[in-house]
Structures are given as structure tokens and as C-alpha cells.
Amino acid sequence: MSVDTALTQPSRAGDTAPEPGPVLDVVVPVHNEEKDLERSVRRLHQHLTDHFPYPFRITVADNASTDSTPVIATRLATELPTVVSLRMDQKGRGRALRAAWSASDAQVLAYCDVDLSTDLAALLPLVAPLISEHSDLAIGTRLGRGSRVVRGAKREFISRSYNLILRGALAARFSDAQCGFKAIRADVARRLLPLVEDTGWFFDTELLVLAERAGLRIHEVPVDWVDDPDSSVDIVKTATEDLKGVLRLLRAFATGALPLHELRGQFGRDPIEATEVAGVPHGMTGQVARFAAIGVASSLAYLLIYALLRGSMGAFGANLVGLVITAVANTALNRRVTFGVKGREGAAAHQLQGLVVFGLGLALTSGALLALHAWWPGAHQLVEMVVLVAANALSTVLRFVAFRAWIFRGRRSPAPSKDKVL
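Parameters and conventions
- Numbers given to residues run from 1 along each chain, matching the order in which its sequence is written.
- Owing to the predicted nature of the model, reporting of local features is limited to residues with pLDDT of at least 70; listing and counting of side-chain atom pairs is limited to 80 or more, with chain, interface and lining totals taken over all residues.
- The side-chain quantities take in all heavy atoms of the structure and omit both hydrogens and water.
- Strands are runs of DSSP state E lasting at least 2 residues, helices are runs of H or I lasting at least 4, and numbering of each runs from the N terminus.
- Relative accessibility thresholds used throughout: buried, under 20% of the residue-type maximum; exposed, over 50%; partly exposed, between the two (1.4 Å probe, protein chains only).
- Per-residue accessibility takes into account occlusion by the displayed protein chains alone, with areas from the Shrake-Rupley method and a 1.4 Å probe.
- In this analysis a 1.4 Å probe is tested at points of a 1 Å grid over the protein atoms alone, and where it fits but cannot get out there is a cavity; an open set with protein on both sides within 12 Å along at least five of seven lines is a pocket; lining residues have an atom within 4 Å of a point.
- Grid points are joined across faces, edges and corners, and a volume is the space filled by probe spheres set on the points.
- Throughout, the ten residues Ala, Val, Leu, Ile, Met, Phe, Trp, Tyr, Cys and Pro are labelled nonpolar, Asp, Glu, Lys and Arg are labelled charged, and all others, Gly among them, are labelled polar.
- Each reported salt bridge corresponds to a side-chain nitrogen of Lys or Arg within 4 Å of a carboxyl oxygen of Asp or Glu.
- The contact criterion used throughout is that any non-hydrogen atoms of two residues lie within 4.5 Å.
- Stacked, tilted and edge-to-face pairs are distinguished by plane angle, under 30 degrees for stacked and over 60 for edge-to-face with tilted covering the rest, among Phe, Tyr and Trp rings (Trp via its six-membered ring) whose centres lie within 6.5 Å.
- Only the contacting stretch of a helix is used when fitting its axis, a line to C-alpha atoms as for every element, and angles between N-to-C directions run 0 to 180 degrees.
- Oblique is the label for any angle not under 35 degrees, not over 145, and not in the 65 to 115 range, which are roughly parallel, roughly antiparallel and roughly perpendicular in turn.
- What makes a crossing left-handed is the near helix being turned counterclockwise from the far one by less than a right angle; a clockwise turn instead makes it right-handed.
- We define the nonpolar core as a collection of buried residues of types Ala, Val, Leu, Ile, Met, Phe, Trp, Tyr and Cys that are connected through side-chain atoms lying within 4.5 Å of one another.
- Take the residue count of a helix, subtract one, and multiply by 1.5 Å to get its expected span.
- What the arc measures is the spread of directions leading from the helix axis to the C-beta atoms.
- One bridge is not enough; two strands pair if DSSP finds at least two bridges between them.
- You can read pLDDT as the predictor saying how much it trusts each residue, on a scale of 0 to 100.

## Quick notes on the overall build of the protein
A tally of helices and strands in the protein yields 14 helices and 9 strands. The 422 residues of the protein split such that 48% are buried. Here the protein has roughly 20,900 Å² of accessible surface; of this, 59% comes from carbon and sulfur atoms.

What follows is the structure, encoded as C-alpha cells:
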């Protein structure tokens, strides 16, 4: 994909070839955003006009707004020549992005949230590696070195916990799945979009996970980001749907339902195999340190899930769901990081063995809850969480013993032979 081919060339007499599309199409998905839409689109349009050196388009993708959002979008499309309006009758941010990206003739497809929480100065660095074909997708990250973020402690905790869950459960290596500032090459989108099932907030997370599993290159740009205090996102509902999406992807990867091998072959970006350094031992001390760090992250993720689901599922249901999700993530992380087992061979068996250990943790935590409720029927949720932390601490010690002595005993990836290195 060359930038030159996207720039408008002078037409010759008798030349009936269609005019090439823009280099960049920035989609702004909206639902009932009459308050912010016009100000944000005009600001985005002005920034692109002043600072983006290639032809561009802004697509306002309205998904089932019931206020005056579609009227404003239509008026903006009439007044600004590089703005178009797209209207859908069904709600869903993912649905809006899929429709807008699928219909676009641009070479690079991007999106940003309507509140423009991300500094637009990062837009050109975001899409430049895609225009040059160095990378396949690009994301803005609020969690990278150099990022400057202003937001409350609650959203910070939720965001970091969510990304820890993705790293543990899905082995994701990208740093920030939720930042509303992403881009993808159009040729890559045409292959990936048919595989993405989610139509809501999990859409771009699923897209990133599939891209990474297919061996595609994801470029990350540290961004300046200021939280929108008036955001209408339902955090609990979104978190629940995201966790369902994680479980769905785990099931798809376990059954081989997705043609990731074919995608990897089409794009030709196989990962470079890492090698271990000869003479550097993986001893007990290092294993304990890595296991402890993963355990802390797993406990934080568990507490977040428990707190989010406690009201709708009750103490025992929230405990079960939280333990299942974090057990899968914990086993995957310890397999790779703590005990150095790489590759996917034997991963399913290790997860099954990890679930046996999980059963012990479930018995300990459920027993602790039963004992607490029998002794103190009206115990506060905070007391429940303290008891669960203590029970989880005991199960963590037992989990390490089981991992070291049973599941991953002697199963570290071997160092490459000298012949292979040479």
C-alpha cells in the first residue's frame, strides 16, 4: 500500500477510472451524543485539516440514537466536505465500527471516541506505521511509558485489572485494550472483521486478540488522555460482557474454531522464537518471586470481579465466576512466566490440571464463606472479602506446591541445541 496511490492524480481526457479514496477514514461511533457531537467533529476536522498531510474522511457512525444526534450528523456532513454520516437502526459500538470500516474505501481505518479524551496530536503517529506498512494495527495506550493520564482511581483500577485479565487468560501482550483510539490497515480489516463476533464494547479487544494470535504487528503509541466525567458507559454491564467475551475466545481457541493459522500464513509474520540463555538457572527463588507477583495480580482481578458481580449473582456465584476466570489466567501466566513452559503443546492439559487445583481453592473459599455466614449471618461485604483474601492466601501456597511438584515439574522449554543456534 503506497501513499502515492491514494493521492488524487489529475484526470486525463477520457479517463473514467473512479477517484481513489482517502488515505485515512476516522470513524466516530456515537449513540445519543447530541451534546458533544458537533463540537468534537469540528475540532477533529480542524485538526486533520491543519496537521494531517494526506486526504482524509471523518465518518460519524450513529448507532440507534434516539435524540438529535442523527440530525446533527447529517448537517455536519452537508457543511463539511470531508465528513459523512452513517446511520444504523441497531445499537452497538462494535456494530457501528464494523459497518463503517467495511464500507470505507480508505487505506487506513481508525476510530476515536466522541469525547476526544485522547490528545489528537497522537493521531499522525498512530497511523503513520500503517501508511508505511510497517505495522498492521495501531493502538493508543494510556498505560505505556510516556503516557500522561488524568482519571479517577476507580477507572484506573478497573482498566489495569481488565488488562491483567487479558494478559493472564488470553496471553495478550498489548498494554491497553480499552483506549478509544485505534487504527487498522484496510486490507487487514477485510480479513479480520468477519472473524469478530462482538458488536459492543468488546469488539476492539476481540479484534486485537485475534490479530495478535494471527501474528500481526500491533504498534502502540503513548497518549495524553483526560477522563470524561460525564461518560455514559455502564461499567458493571460492560465489564460483565467483556468477561463473557474472554470466555468465548478461550473456548474458540481451545476448540480451534478460528482459522488463525491461515491468517498467519496470509500475512507471513511468524513470531521470532525466543531462546533461553545457557547457564542462567530458573531456581526456586525466582519462581517464588514470579509466582507471588502473578498471585497479587490474580487476587486484584478476583476482587474486582467479585465486587462487580456480588450484587447480581450473590456471594457464592460471584466467588465461583471470579475464581474460574482468575484460575485460567493464573495457570496460563505461571506456565509461561514462572516455569518457562513455552508453546501451546500441552497447554490444554495444563489448564485441566490447573482446574483440579482450582477445585481445591473453590472448596477453601466456599467453605470459608459458609463458615462466616453461619457464624455471622449479616456480615458486611468488606468482611466477606477479607475472609476470602485469607482463604485465597492458603490456596495460593497449595497452588504453588502443586504447580512445582506436579503440573510443571521438569517441563520447562529446553534450550536450543548448538547446531540450531549455529
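Having seen the structure, we can now continue with the description.
## Thoughts on empty space enclosed by the protein
With the rule as written, the count across this model stands at 4 cavities of 30 Å³ or more. Approximately 80 Å³ is the volume found for the largest cavity. Together, Leu 164, Ile 165, Ile 294, Ala 297, Ser 298, Ala 301, Ile 325, Thr 326, Ala 329, Asn 330 and Leu 333 line the largest cavity. Elements represented by at least two residues in the lining of the largest cavity include exactly α6 (153-170) and α11 (284-338). Top contributing element to the lining of the largest cavity by residue count: α11, with 9 residues. The residue inventory of the lining of the largest cavity, partitioned by class, reads 8 nonpolar, 3 polar and no charged.

## Re the pattern of salt bridges
Across all of its chains, the model carries 18 salt bridges by this definition. Residues Glu 197 and Arg 248 are paired through a salt bridge, measuring 3.5 Å at the closest nitrogen-oxygen approach. Separated by 51 residues along the polypeptide, Glu 197 in the loop between α7 (186-192) and α8 (203-213) and Arg 248 in helix α9 (residues 235-255) bring together distant segments of the chain. Judged by its relative accessible area of 55%, Glu 197 is exposed.

## Thoughts on the environment of Val 226
In this structure, Val 226 sits in strand β9 (residues 224-226). Looking at Val 226, the relative accessible area reads 47%, which means it is partly exposed. As a C-alpha pair, Val 226 and Arg 142 span 84 residues in sequence and 9.8 Å in three-dimensional space. Not counting chain neighbours up to four residues away, the residues in contact with Val 226 comprise Ser 117 and Val 150.

## Brief notes about the packing of aromatic side chains
Under the criterion given, the structure shown has 4 aromatic pairs. When the centroid spacing of 6.4 Å and the interplanar angle of 55 degrees are considered together, the rings of Trp 101 and Tyr 111 count as tilted. Of this pair, Trp 101 sits in helix α4 (residues 93-103) while Tyr 111 sits in strand β4 (residues 108-112), placing them 10 residues apart in sequence. The class for Tyr 111 is buried, based on a relative accessible area of 1%. Here the aromatic rings of Trp 375 and Trp 376 are separated by 6.1 Å at their centres, their planes lie at 85 degrees, and the arrangement is edge-to-face.

## Side note on the packing of helix α2 (residues 37-51) against helix α3 (residues 69-79)
When two helices pack together, their arrangement is given by the angle between their axes and by how far apart the axes lie. Axis separation between α2 and α3 bottoms out at 10 Å; the angle between their running directions is 30 degrees. In terms of orientation, α2 lies roughly parallel with respect to α3. α2 and α3 meet at a crossing whose hand is right-handed. Where α2 abuts α3, its residues Leu 37, Glu 38, Val 41 and Arg 42 lie against Thr 69, Ile 72, Ala 73, Arg 75, Leu 76 and Glu 79. The residue makeup of the contact of α2 with α3, split by class, is 5 nonpolar, 1 polar and 4 charged.

## A short note on the nonpolar core
If you look at the biggest cluster of nonpolar residues, it comprises 46 residues, and the most contacted ones within it are Trp 101, Leu 137, Phe 174, Ile 184, Leu 192 and Leu 210. Those elements that provide at least two residues to this core are α4, β4, β5 (137-141), α6, α7, α8, α9 and α10 (260-267). In terms of residue count, the dominant contributor to this core is α8 (6 residues). Those residues in contact with Ile 184 that lie beyond four places of it in its chain are Trp 101, Val 108, Leu 109, Leu 130, Asp 136, Leu 137, Ala 189, Leu 192 and Leu 207. One finds Leu 80, Cys 112, Phe 181 and Trp 225 within the second-largest nonpolar core, a separate group that totals 37 residues.

## Details of α2
Here α2 contains 15 residues, and its C-alpha end-to-end distance of 21 Å stays within 8% of the 21 Å for a straight helix at 1.5 Å per residue. Residues of α2 that are buried include every one of Leu 37, Ser 40, Val 41, Leu 44, His 45, His 47 and Leu 48, and no others. Looking straight down α2, one finds its buried side chains confined to an arc of 165 degrees; they lie on one side.

## Describing the sheet that holds strand β8 (residues 218-222)
Within the open sheet, the 7 strands sit side by side as β3-β2-β1-β4-β7-β5-β8. Their pairing is mixed. Of all strands in the sheet, those with a lone pairing partner are β3 (83-88) and β8, marking the two edges. Taken pair by pair, the neighbouring strands of this sheet meet at an average axis angle of 20 degrees, ignoring direction. As defined by bridge partners, β4 adjoins strand β7 (residues 181-185) across 5 bridges and the pair is classed as antiparallel. Each bridged residue has a counterpart across the sheet, and for Tyr 111 the counterpart in β7 is Lys 182. Helix-sheet contacts for α4 involve β1 (24-30), β2 (56-63), β3, β4 and β7, and the interaxial angle to β1 is about 150 degrees. Packed on one face of the sheet, α8 meets β4, β5, β7 and β8 and runs near 125 degrees to β5.

## Some points on the confidence of the model for the protein
With 86% of its residues at a pLDDT of 70 or more, the protein has an overall mean of 82. Overall, residues 274-282 carries pLDDT values under 50, and its contacts beyond four positions in sequence, including any with other chains, amount to 10 contacts. Taken as a whole, residues 412-422 scores under 50 in pLDDT and shows 13 contacts with residues more than four places along the chain or in a different chain.

## Focus: the packing of helix α12 (residues 347-375) against helix α13 (residues 381-407)
Running from N to C, α12 and α13 cross one another at 155 degrees; their axes reach a closest spacing of 9 Å. With respect to α13, the element α12 is oriented roughly antiparallel. Crossing of α12 against α13: the hand is right-handed. Its residues assigned to classes, the contact of α12 with α13 shows 16 nonpolar, 8 polar and 2 charged.

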